Amino acid sequence: MAADRDLPPPYHIIHHLAESSGASTSSNSQPGDGNRSNDPLLSPPANGQPPQQGYPRVGKRQINVPLPPVLLSAPNDGGPSQESQFSMPAREYNDTPDFVISIQKKRRCFSRRTWIVVGIVSFVIVALSIVLPVYFVVVKRRSQPPAEASVTRGGNGSQVTMEDGSQFAYSNPFGGYWIYDPDNPYNDGAQPNSWTPALNSSWDFANNRIRGVNLGGLFVLEPFISPSLFQRYPGAIDEWSLSVAMSNDPQSSGLAQIEEHYKTFITEKDIAEIAGAGLTWVRLAIGFWAIETFPGEPFLAKTSWKYVVRVLQWCRKYGLRVNLVLNAVPGSQNGFNHGGKSGSHNFLGGVMGMANAQRTLYYIRVLTEFISQPEWVNVVPMLSIVNQPLSTWIGVDQLRSFYVEAHRTIREITGYGKGLGPYVAIDSAFTSASTEVFDGFMNGADRVVIQKHPFVAFLPVATDSVTAGTVSQFCALGRDMDQSRSNFGITIAGEFSPAFLDCGLFVNGVNATRRFYEGDCSFWDNYKQWGLILKSSLSELVLAQMDALGDYFFFTWKIGEATSGKIEAPLWSYRLGLQEGWIPDDPRKAAGACKAVDGSYTPTWDGTYSAWMTGGDGAFVATDAAQYPWPPATITNTGTASPPVVLPTYTATGSPITLPATTFTDTKGKAIVLSHGSPLGRVPAPTPVAGCDYPDAWDAINATFTQVCRREFVPTEPYPLSIPTPTIP
């Protein structure tokens, strides 16, 4: 991998001159400060009259001084006489007594000293009038954001007032600053640290490192992240069952408990701490129910979006970029608890696989329309379209067809080329490095990113302690990342953790047994038993991962307390590790960590990306798009049902969906209106065909159905494809 271009000199912070300037300097003279430049002058006035104060006037008589002969003998040219032209004023002969003469000499000397002092003071004033503006305008400005009349901003040590009126001191030793502009709430001038571009500047994927963290468990609930919610309802194992249980418990506020979680689990102070920790990105997962739900889906519908926008605004305020993730889709893409419903595999699989994919594509469209507006494009430069789809269940070719169609849908809205809408992140879908299923895939496609999830905790390990071998195992992840960067393009680690054992409350799920580690997890679940040596070893492990992965999102920022009042999955919390010392206080310290452990470790990526990968020349549709038609040729697990073109789907006749933004007013009380970059809500939403009896969209594996509920599939531009004859596997 190319050297990290944004590394500072050794990892001590060099405070800026502007930060060490304690008091302002004034050039104004003050009475009594010893400056005599404003005292009354004792020298005679220019009009020759005697001074009005000082010593008494003395008598004088004049003596005429004759001109030198040379001047008298000069030729006369008809002009004024030489004598009159060069006549000198009469010299004064002073017959004043000696003591008066002495006093006058002293007065004349004092007058000269006064003028000298005046000259020096004047010089100092002029010098300061030049130096001070240069310092405050040029030097000082380098460490502070540009000033605007109505803008509130601050750097390290500044006071931040939150929306509830409470305050906290912003801690950011890396030169970052926040901006809040009430007259322009979409001000993108904030910067998380001195080496990372401000939001209104371009991100360079080859040279700027993504050092990010997930806000997991906020809008898609996971038992090990928010254990107390699930412990209240022992039968709940995922958000589906938790929502059902809460709905049946109105005395405890029902689903309002989830909204309370949205309000309180992550606060503005968390976002400020993320920026202050030297991180640069946030990965924000949401469920499709933020947009809408269909009948029978128990999720809290259309409620989380306003809180999503609130988090986006906080990230804007502190200069953090966001990778927005559609983490859970209709039917579930993986059957995990973070896919909405455990055990369900009905996205692109089963009888309702096409209908669920149809809804998913529409929700991708809705999200793209929102984040591609000028007000949001700098804050959300990346959209992850589906999180961790299970390719072994869906099928690699089917998933590739979906990725190509999703990319086409997004670019239909944004256009092609740098700056037009988000980067599109696709998931490696649990494929191993050896299969290379995505190497060379979507060549030429405009701004596509592949993200991996290199969790070591869910791999067999033969150690119950942190050793050099464990560190080397983590460093080995870098070879896979570099290979992907060389063969595919931009590659990031969407999630990673220093957990090398699958310990931790609910890490494997509620009531689930550990799959790999067979030892005693009680020690690893209680971080208060860890000593300084272990924490130091864990820190080396984290640094090795960061170094190997290069561009990453730690999973996750925060683990909530269990009903015991303890954090019982500590290795998964960046915030806790930062406080307790096993997460580095400066992520840039990771550079060279793997080389320090293994002298033979050498990155293989050359540090460059082809122009089309970042929206430059050649960025368009994928050159292999024709190989992956939409709909795909086959759909798995449909039993004796018909092929994809006749499987149940929805009709595109529903009301178009537009996601709302927060309504702002400026300092004069005038509403601030969004300037939409492109029309929103142009395409009707999918909706069930009236009178059609659909199978359960979340439980339709090999289901039978007799009534054909479908829409006609029309080949989509720019891929003028004929639908192939499908086969049922």
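That block above? That's the structure.
The sections below set out a description of the structure shown in this document.

What counts, and at which threshold
Residues numbered from 1 in each chain as written. Predicted model: local features only at pLDDT ≥ 70, side-chain atom pairs only at ≥ 80, totals over all residues. Heavy atoms only, no water. Axes fitted to C-alpha atoms, helices over the stretch in contact; angles between N-to-C directions. Helix = DSSP H or I, 4+ residues; strand = E, 2+ residues; numbered from the N terminus. Parallel < 35°, antiparallel > 145°, perpendicular 65-115°, else oblique. Left-handed = near helix turned anticlockwise from the far one by under 90°. Contact = heavy atoms within 4.5 Å. Core = buried A, V, L, I, M, F, W, Y, C linked by side-chain atoms within 4.5 Å. Buried < 20%, exposed > 50% of the residue type's maximum accessible area, 1.4 Å probe, protein only. Phe/Tyr/Trp six-rings, centres within 6.5 Å; stacked < 30°, edge-to-face > 60°. Lys NZ or Arg CZ within 6 Å of the ring centre and 35° of its normal. Disulfide = S-S within 2.5 Å. Salt bridge = Lys/Arg side-chain N within 4 Å of Asp/Glu carboxyl O.

1. What to know about the packing of helix α13 (residues 468-475) against helix α15 (residues 532-549)
Then comes step 1: Where α13 contacts α15, the axes come no closer than 8 Å and their chain directions differ by 20°. Relative to α15, α13 is oriented roughly parallel. Viewed along their axes, α13 and α15 form a crossing whose handedness is right-handed. For the pair formed by α13 and α15, the contact residues are T470, V471, F474 and C475 on the first element and L541, A544, Q545 and A548 on the second.

2. A closer look at the nonpolar core
When a protein is soluble and globular, its nonpolar side chains tend to lie buried together.
Then comes step 1: In terms of nonpolar packing, the biggest core is built from 164 residues, with I271, L284, F402 and W572 touching the most fellow members.
Then comes step 2: When residues of this core are assigned to their parent elements, the largest contribution, 11 residues, is made by helix α10 (residues 353-371).
Then comes step 3: Ranked by size, the runner-up nonpolar core spans 17 residues in total, among them F205, M382, V449 and W605.

3. Thoughts on the environment of A703
Then comes step 1: With respect to the element layout, A703 can be found in the segment after β18 (685-687).
Then comes step 2: Sequence separation between A703 and T638 is 65 residues, and the spatial gap between their C-alpha atoms is 6.8 Å.
Then comes step 3: Those residues in contact with A703 that lie beyond four places of it in its chain are V351 and T638.

4. Observations regarding the packing of aromatic side chains
Then comes step 1: Under the defined criterion, the tally for this structure stands at 43 aromatic pairs.
Then comes step 2: Summarising the aromatic geometry, the rings of F347 and F402 are spaced 5.0 Å apart at their centres and angled 90° between planes, so their arrangement reads as edge-to-face. Residue F347 is found in the loop between β9 (321-328) and α10, and its partner F402 is found in helix α12 (residues 396-414); the two are separated by 55 residues along the sequence. For the pair shown, F347 and F402 are each scored as buried.
Then comes step 3: Summarising the aromatic geometry, the rings of Y527 and W582 are spaced 6.2 Å apart at their centres and angled 55° between planes, so their arrangement reads as tilted. Taken together, the residues Y527 in the loop between β13 (491-496) and α15 and W582 in the loop between α16 (574-580) and α17 (593-597) connect sequence positions 55 residues apart. Pair check on accessibility: Y527 and W582 agree, each one buried.
Then comes step 4: Aromatic ring contacts, followed pair by pair, group W240, F288, W289, F299, Y362, Y363 and W698 into a single cluster.
Then comes step 5: Looking at K317, its charged tip hangs above the ring of W178, at a distance of 5.1 Å from the centre.
Then comes step 6: The cationic tip of R359 hangs over the ring face of F294; the distance from NZ or CZ to the ring centre is 3.8 Å.

5. Quick word on the state of the cysteines
Then comes step 1: A full pass over the atoms with the stated rule returns 3 disulfides.
Then comes step 2: Between C475 and C594 runs a disulfide, and the two sulfur atoms are separated by 2.1 Å. Between C475 and C594, the S-S torsion sits near -95°, and that sign places the bridge as left-handed. Pair noted here: C475 is in helix α13 and C594 is in helix α17, with a separation of 119 residues, a long-range link. Assigned by exposure class, C475 and C594 land together as buried.
Then comes step 3: Linked covalently through their sulfurs, C692 and C709 form a disulfide whose S-S length is 1.0 Å. The sign of the 80° torsion about the S-S bond sets the C692-C709 disulfide as right-handed. Within this pair, whereas C692 is found in the segment after β18, its partner C709 is found in the segment after β18, the two being separated by 17 residues in sequence.
Then comes step 4: Overall, the relative accessible area of 15% leaves C692 in the buried class.
Then comes step 5: Here the cysteine-cysteine linkages of the protein chain are recorded as 1-4, 2-3, 5-6, numbering only bonded cysteines and doing so in sequence order.

6. A look at the pattern of salt bridges
Then comes step 1: Enumeration according to the criterion identifies 20 salt bridges in this entry.
Then comes step 2: A salt bridge links R365 to E412; its shortest N-O distance comes to 2.5 Å. Of this pair, R365 sits in helix α10 while E412 sits in helix α12, placing them 47 residues apart in sequence.
Then comes step 3: Residue classification places E412 among the partly exposed residues on the basis of a relative accessible area of 43%.
Then comes step 4: Note that D446 is salt-bridged to R411, the shortest N-O span being 3.2 Å. Note that D446 is positioned in the loop between β11 (423-427) and β12 (448-452) and R411 in helix α12, a separation of 35 residues in sequence.
Then comes step 5: Owing to a relative accessible area of 0%, D446 belongs among the buried residues under this scheme.
Then comes step 6: Within the structure, one salt-bridge network assembled from shared partners comprises R209, D482, R485 and D551.

Geometric values such as these leave the question of function open.
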